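Descriptive analysis of the structure
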Amino acid sequence: MLRYIFLIFGLCTTISHAQIGGRYTYQFLNLVSSPRQAALGGKHVTGYSMDPTSVLLNPATLNREMHNQLAVNYVNYISDVNYGSVSYASQLGSKRRIFHIGVTYINYGTFDGFDEFANPTGDFSAGEVALSIGHAYTIPNSNVHVGANAKVISSRLEEFSSIGGALDLGVLYHHPDKKLDIGLSLRNIGTQFTTYAGVREDLPFAVDFGIANTLSNVPIRWNLTLENLHIWDVAFSNPSRDITDLEGNVTKDDPSFINNIFRHVVLGTEFFPEGGFTIRLGYNFRRSEELRIVDQRAFAGLSGGLSVKIGKFRFAYSYVRYNAAAATSTFGVNVNLQ
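About the thresholds
- Residues numbered from 1 in each chain as written.
- Predicted model: local features only at pLDDT ≥ 70, side-chain atom pairs only at ≥ 80, totals over all residues.
- Heavy atoms only, no water.
- Helix = DSSP H or I, 4+ residues; strand = E, 2+ residues; numbered from the N terminus.
- Buried < 20%, exposed > 50% of the residue type's maximum accessible area, 1.4 Å probe, protein only.
- Contact = heavy atoms within 4.5 Å.
- Areas by Shrake-Rupley, 256 points an atom, 1.4 Å probe, with all protein chains shown as cover.
- Salt bridge = Lys/Arg side-chain N within 4 Å of Asp/Glu carboxyl O.

Here the focus is the overall build of the protein chain. Along its length, the protein chain carries four helices and 16 strands. The burial tally for the protein chain puts 46% of its 338 residues in the buried class. If you take every contact in the protein chain between residues at least 6 apart in sequence, the share linking residues at least 24 apart comes to 55%. In the form shown here, the protein chain has an accessible surface area of approximately 17200 Å², with 60% of it arising from carbon and sulfur atoms.

This is how it looks when you write it as structure tokens:
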């Protein structure tokens, strides 16, 4: 297992470089894709189950249990922004190989247009969409799965448009007896085919690693995810947290080494993970640190959700807290079409 992880991780180090928010395009590709992912803290690369949405975060999670499974998800995001995803998996061909197709979209809403002299120019809209096709393969005589997604991305922001392409790679160690999963995902390896205005921008490349395990004789499954592994320093100084003493001396906000480590950590827990009714809780350390307000309890970073199975349908909901003024709800339904 480790040699496959190191092989892919070595590949990522040759194509990655430090990126921070606001310096790359098609940022919607890193948004949460399902209620389960949202409830578990926003990153979950070990989702070996019947839910085909997990393939959008790690293509190696694609498995035969997903055959004829359809997942539809919708997110009521901040302000008037809405986005969602549709995923489907099926076995095809004489060898019954399993394939996945997925669509992720975001609608930024309608905006009032003005020129540089503040004259109205009419309303305009903005939106982006990505179409992905994926396949996974199991290494013979092992519990190691490898997978890949190929994506075509289309974006239109007012009169500007862009088309791009990207590749997702993933590896997953799945041990059904121990109920243990270890996964590594490299997403958004690609480029713009056409730019918005002649300036080529980077895609939001991401490397995530996760471990998940169901406790023996206890219906609890814990999840640990390490995100943004291609960027060590994800912490930054926040001027609003500078401290000024009575003499006017300013102590700058300076996140510690330990603080920076924890900003890579996402924790999640599922209660009754294999039952008809599942409760999920998550905590995202980076989200908590970046969005918390000094001297106020906003519970930023916390997330939770549940799912209920009724016949061939599984309905799911999650709630994510950002701060006192912003939160999102994610709705999803998985349908067994067999």
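On to the pattern of salt bridges. Evaluated as defined, the whole model comprises nine salt bridges. In this structure, Asp208 and Lys43 form a salt bridge, with 3.5 Å as the shortest nitrogen-oxygen distance. Pair noted here: Asp208 is in strand 8 (residues 206-214) and Lys43 is in the loop between helix 2 (35-39) and strand 1 (69-76), with a separation of 165 residues, a long-range link. The pair Asp208 / Lys43 is uniform in exposure class, with both members buried. The partner of Lys43 in a salt bridge is Glu227, with the nearest N and O atoms 3.1 Å apart. Here Glu227 lies in the loop between strand 9 (220-226) and strand 10 (243-244) and Lys43 lies in the loop between helix 2 and strand 1, a separation of 184 residues in the sequence. Taken as a pair, Lys43 and Glu227 share a single burial class, namely buried. Three or more residues are tied together by salt bridges with common partners; here these are Lys43, Arg187, Asp208 and Glu227.

Now for the environment of Phe124. Within the element layout of this structure, Phe124 appears in strand 4 (residues 120-138). Considering only alpha carbons, one finds Phe124 and Asp112, twelve residues apart in sequence, at a separation of 6.6 Å. Excluding its chain neighbours within four sequence positions, the residues that come into contact with Phe124 are Gly109, Thr110, Phe111, Asp112, Gly113 and Glu158.

The analysis is restricted to geometry; functional conclusions fall outside its scope.
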